[in-house]
Amino acid sequence: RRVTANPPNTLMLASRIATNDSTVIAVSPWPICRSAPTTMIPEIAFVTDITKRREASEALRRANETLEVVIQASPLAIWAADLDGRVTLWNGAAERIFGWKADEVLGGPMPTFINEPQDDFRELLDLAKQDRGESGMERTRVRKDGTRVQVSVWASPLRDADGSIRGVLGVVAD
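Only a predicted model underlies this, so the values are computations on that prediction, with no experimental measurement involved.

K.L.:
I'd love a proper account of the overall build of the chain, names of residues and values included.
P.N.:
Along its length, the chain carries 4 helices and 9 strands. Helices (α) and strands (β) of the chain occur, in sequence order from the N terminus, as β-β-β-β-α-β-β-α-α-α-β-β-β. The buried share among the 174 residues of the chain stands at 33%. Contacts in the chain between residues at least 24 apart in sequence constitute 32% of all its contacts with a sequence separation of at least 6. As presented, the chain carries roughly 11000 Å² of accessible surface, and 54% of it is formed by carbon and sulfur atoms.

K.L.:
With reference to specific residues and values, describe the pairing of strand β8 (residues 148–159).
P.N.:
Pairing of β8 with strand β9 (residues 165–173), which is carried by 8 bridges, proceeds in the antiparallel orientation. Of the residues in β9, the one forming a bridge with Ser 152 is Ala 173. Taking the residues between adjacent antiparallel strands as the criterion, β8 and β9 are bridged by 5 residues, where Gly 163 takes a positive phi near 90 degrees.

K.L.:
Describe the pattern of salt bridges, listing the residues and the values that go with them.
P.N.:
One pass over the full model with this rule turns up 7 salt bridges. Among the salt bridges present, the one from Glu 58 reaches Arg 61, with a minimum N-O distance of 2.6 Å. Of the two residues, Glu 58 and Arg 61 both sit in helix α1 (residues 51–73), 3 residues apart, roughly one turn of that helix. Judged by relative accessible area, Arg 61 falls into the partly exposed class, the value being 41%. When the shortest N-O distance is used, the salt bridge between Glu 95 and Lys 101 registers 3.9 Å. You can call Glu 95 partly exposed: its relative accessible area is 22%. In the salt-bridge network here, residues are joined through shared partners; they are Glu 58, Arg 61, Arg 62 and Glu 65.

K.L.:
Now, about the packing of aromatic side chains: what can you tell me, with residues and values included?
P.N.:
Taken as a whole and judged by the stated rule, the model has 1 aromatic pair. Aromatic side chains Trp 90 and Phe 98 sit 5.9 Å apart centroid to centroid with 40 degrees between the ring planes, which places their arrangement in the tilted category. Using a relative accessible area of 3% as the deciding quantity, one classes Trp 90 as buried. Under the relative-accessibility criterion, Phe 98 is labelled buried at 3%.

K.L.:
Residues and numbers for the confidence of the model for the chain, please.
P.N.:
Here the chain averages 79 in pLDDT, and 69% of its residues register 70 or above. Here residues 1–7 scores under 50 on pLDDT; set against residues more than four positions off or in separate chains, the count is 16 contacts.

K.L.:
Pulling in residues and values, what's your account of the environment of Val 168?
P.N.:
With respect to the helices and strands, the residue Val 168 is situated in strand β9. A relative accessible area of 1% means that Val 168 is categorised as buried. With sequence-adjacent residues up to four places away left out, Val 168 is seen in contact with Trp 79, Ala 80, Ala 81, Leu 124, Leu 125, Ala 128, Ala 155, Ser 156, Pro 157 and Leu 158.

K.L.:
So what about the pairing of strand β6 (residues 87–90)? Which residues, and what values?
P.N.:
Put simply, side chains in a regular strand alternate between the two faces of the sheet. The pairing of strand β5 (residues 77–82) with β6 spans 3 bridges and is classified as antiparallel. Bridge pairing links Ala 81 to Val 87 in β6.

K.L.:
Describe the nonpolar core, listing the residues and the values that go with them.
P.N.:
Of all hydrophobic cores here, the largest spans 22 residues; its most connected members are Trp 79, Trp 90, Phe 98, Val 168 and Val 172. Where this core is concerned, the elements lending two or more residues are β5, β6, α2 (92–98), α3 (102–105), α4 (119–129), β8 and β9. Among the elements that take part in this core, β8 stands out by supplying 4 residues, more than any other. One finds Ile 71, Ile 78, Ala 80 and Leu 89 within the second-largest nonpolar core, a separate group that totals 5 residues.

K.L.:
I'd love a proper account of the environment of Ala 155, names of residues and values included.
P.N.:
With respect to the helices and strands, the residue Ala 155 is situated in strand β8. Owing to a relative accessible area of 9%, Ala 155 belongs among the buried residues under this scheme. Between the C-alpha atoms of Ala 155 and Gly 136, which are 19 residues apart in sequence, the distance is 8.3 Å.

Reading the values: the criteria
- Residues numbered from 1 in each chain as written.
- Predicted model: local features only at pLDDT ≥ 70, side-chain atom pairs only at ≥ 80, totals over all residues.
- Heavy atoms only, no water.
- Helix = DSSP H or I, 4+ residues; strand = E, 2+ residues; numbered from the N terminus.
- Buried < 20%, exposed > 50% of the residue type's maximum accessible area, 1.4 Å probe, protein only.
- Contact = heavy atoms within 4.5 Å.
- Areas by Shrake-Rupley, 256 points an atom, 1.4 Å probe, with all protein chains shown as cover.
- Pairing = 2+ DSSP bridges.
- Salt bridge = Lys/Arg side-chain N within 4 Å of Asp/Glu carboxyl O.
- Phe/Tyr/Trp six-rings, centres within 6.5 Å; stacked < 30°, edge-to-face > 60°.
- pLDDT = per-residue confidence, 0-100.
- Core = buried A, V, L, I, M, F, W, Y, C linked by side-chain atoms within 4.5 Å.

The structure is reproduced here in structure tokens:
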């Protein structure tokens, strides 16, 4: 049982209870009326079964953890950018292939296009906005040290919870 204070003068209990069939469920009460600050009046509340919400939250946490491990362990560079062209994801392989650390690129423009025409990157963003991806296009990119590297690029639109396109995800093989 966990007790938390909620203003004004209300204590909320997060607990587990057993139902009539002995199933244990997680519950969270919702107060309907509150006690006065100096008067001990029993709280009236209804209880909501939050077991499925907790299970879904844990499943989502595990899925996100697995995805993060896959992205970071990938031998392919994986990056993402929002529709304004700002980098939002840059994995370890992108660091190895291109030379920029994640903290150098996150929030800024795609660095592999520095001193290069932005047409290729704009094309990827435009394809994402049109709900189209790109498969295996061969390109030359620039590393941090200025050397050029031949790569294959796959790109696909990223969506938000409403299904609206929010950016582009790229996978790069050198």
